[in-house]
Amino acid sequence: MPGRTEYLVHPDADAVAEAIAEQLSIRIAQLQAEQPDRLVQIALTGGRIATKAYQRLAADGPSSPVDWTKVALWWGDERFVAADSDDRNDQAALAALVPALPLTDTNLNPMPADDGQISLDEAALAYGAELGNTAFDICLLGVGPDGHVASVFPDHPSFEVSLQAEADTPVIPVRDAPKPPPLRISITHRVINRSAEVWFTVSGSDKADAVGWAVTGNKQVPAGAAHGTERTLWLLDEAAAARIPVDLLN
Ligand SMILES: O=C(O)[C@H](O)[C@@H](O)[C@H](O)[C@H](O)COP(=O)(O)O
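Identification of the protein as 6-phosphogluconolactonase from Microlunatus endophyticus is taken from an unreviewed UniProt entry. Among the UniProt annotations of the protein, the heading Function (unreviewed entry) holds the following wording: "Hydrolysis of 6-phosphogluconolactone to 6-phosphogluconate." According to its UniProt record, the protein has this under Catalytic activity (unreviewed entry): "6-phospho-D-glucono-1,5-lactone + H2O = 6-phospho-D-gluconate + H(+)".

So this is what it looks like as structure tokens:
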């Protein structure tokens, strides 16, 4: 069952990135205070706004209220390219966070890269096995202008497969993605929707239609079919929030 939905609208993209970083610090620290004996499970997203938020978290560094040694970082999707490719979603996050925070390999769960040995299908299966039944405390999701989340695209086989994913295939290979590069690995709606909290991170007027569709329950867009079991939080700038019905914002 979907939990409550909340909206935090900020003037511009920089303010949204600040808010994502601040909200993450607060919520992770809260979870750690409540349950000190376990790792807090976070799924990261690629995208410009999330990257700015990671840089902000890194800048907070030692003054952060979060015990980063007790956080597990996952990725919601990845471009199936070489490990050192700038095209990978994890590169920006790792470049910002790892030098600044006490994160070691035990905290990091990047998706497999195309090393010329592992196939796309094997990579998706391997990540699914690593993930197992993990339910994210927070699953961050960027949103494309078409309403895609992770690497699940509208009017594309990935969406149907994502909605129908079985427990033993929580992570899927994606081919012919409409946004390059064409080969990708993605968590499915099964995984997204078992997260306690799903946080959408969105900025820019080109996202306004997609946001409007998603928040009014349009199940034809991947973002509209994604929600947290406890909370779905939209972190947006005013331009991206332009088509959210006023009564939802109040
Ligand atoms: O794998 C990708 O191609 C990106 O990660 C992509 O899915 C991104 O998350 C959204 O398009 C939002 O990106 P922006 O925040 O940059 O608009």
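We are not done yet, so read on.
(A) Geometry of the nonpolar core. Counting residues in each nonpolar core, the largest one holds 67 residues, and the members touching the most others are L44, L73, L141, I187, F200, W234 and L236. Among the elements that take part in this core, helix α1 (residues 13-34) stands out by supplying seven residues, more than any other. Filtering out sequence-adjacent residues up to four positions away, I187 remains in contact with W75, G76, M111, L131, F136, C139, A150, V152, P170, V171 and I192.

(B) Molecular detail of the pattern of salt bridges. Under the counting rule described, the total for this entry stands at 14 salt bridges. Across the pair E6 and R4 runs a salt bridge, and its minimum N-O distance is 2.7 Å. The class for R4 is partly exposed, based on a relative accessible area of 48%. Note that R184 is salt-bridged to D77, the shortest N-O span being 3.6 Å. Here R184, found in strand β8 (residues 184-187), pairs with D77, found in strand β4 (residues 77-79); they are 107 residues apart in sequence, far enough to count as distant. For the pair shown, R184 and D77 are each scored as buried.

(C) View of the packing of helix α2 (residues 48-60) against helix α3 (residues 89-97). Between α2 and α3, the shortest axis-to-axis distance is 8 Å and the interhelical angle comes to 15 degrees. Between α2 and α3, the interaxial angle falls into the category roughly parallel. Two packed elements cross with a definite hand, and for α2 against α3 that hand is right-handed. Note on element contacts: α3 touches α2 through A92, A93, A96 and L97, opposite T51, Y54, Q55, L57 and A58. In terms of residue class, the contact of α2 with α3 is built from seven nonpolar, two polar and no charged.

(D) Local environment of the site of the ligand. Taken together, 14 residues form the shell around the ligand, and within it R48, R79, H148, R184 and K207 come nearest. Interatomic distance of 2.8 Å between a side-chain N/O atom of H148 and an oxygen atom of the ligand. Looking at the shell around the ligand, the elements that each hand over two or more residues are α2 and β4.

(E) Geometry of the side chain of H148. Assignment of secondary structure puts H148 in the loop between β6 (138-142) and α5 (157-164). Looking at H148, its side chain comes within polar contact range of the side chain of D146, at 2.8 Å. Leave out the neighbours within four places in its chain, and H148 touches G142, V143, F153, P154, K179 and P222.

(F) Quick look at helix α7 (residues 208-215). Counting buried positions along α7 yields six of eight residues, so the element is predominantly enclosed. Those residues of α7 not exposed but buried are A208, A210, V211, G212, A214 and V215. Against the buried residues of α7 lie β1 (4-10), β9 (197-202), β10 (231-237) and α8 (246-249). Positioned one or two residues after α7, G217 has a phi angle of 85 degrees, which is positive.

(G) Seen up close, the sheet that holds strand β7 (residues 171-174). The strand order across the open sheet formed by three strands is β4-β8-β7, and the pairing between neighbours is antiparallel. Whereas interior strands pair on both sides, the edge strands pair on one side only; in this sheet they are β4 and β7. The average undirected angle you get between the axes of adjacent strands in this sheet is 15 degrees. Taken together, the three bridges between β4 and β8 define a ladder with antiparallel strand orientation. Within β8, the position partnered with E78 by the bridge is I185. Relative to the sheet, helix α4 (residues 120-131) contacts β7 and β8, its axis offset from that of β7 by approximately 160 degrees.

(H) Representation of the packing of α1 against α2 within the structure. Orientation of α1 relative to α2, taken along the N-to-C sense of each, is 55 degrees, at an axis distance of 8 Å. With respect to α2, the axis of α1 lies oblique. When the axes of α1 and α2 are compared, the crossing they make is right-handed. Residues A13, D14, V16, A17, E18, I20, A21, L24 and S25 of α1 form the contact with α2, whose participating residues are I49, K52, A53, R56, L57 and D60. Class assignment for the residues of the contact of α1 with α2 results in nine nonpolar, one polar and five charged.

Conventions we followed
- Residues numbered from 1 in each chain as written.
- Predicted model: local features only at pLDDT ≥ 70, side-chain atom pairs only at ≥ 80, totals over all residues.
- Heavy atoms only, no water.
- UniProt positions renumbered as here; feature names shortened; annotations may be inferred.
- Core = buried A, V, L, I, M, F, W, Y, C linked by side-chain atoms within 4.5 Å.
- Buried < 20%, exposed > 50% of the residue type's maximum accessible area, 1.4 Å probe, protein only.
- Helix = DSSP H or I, 4+ residues; strand = E, 2+ residues; numbered from the N terminus.
- Contact = heavy atoms within 4.5 Å.
- Salt bridge = Lys/Arg side-chain N within 4 Å of Asp/Glu carboxyl O.
- Axes fitted to C-alpha atoms, helices over the stretch in contact; angles between N-to-C directions.
- Parallel < 35°, antiparallel > 145°, perpendicular 65-115°, else oblique.
- Left-handed = near helix turned anticlockwise from the far one by under 90°.
- Nonpolar A, V, L, I, M, F, W, Y, C, P; charged D, E, K, R; others polar.
- Near = heavy atom within 4 Å.
- Polar contact = N/O pair within 3.5 Å; in protein donor to acceptor, adjacent residues only side chain to side chain.
- Pairing = 2+ DSSP bridges.

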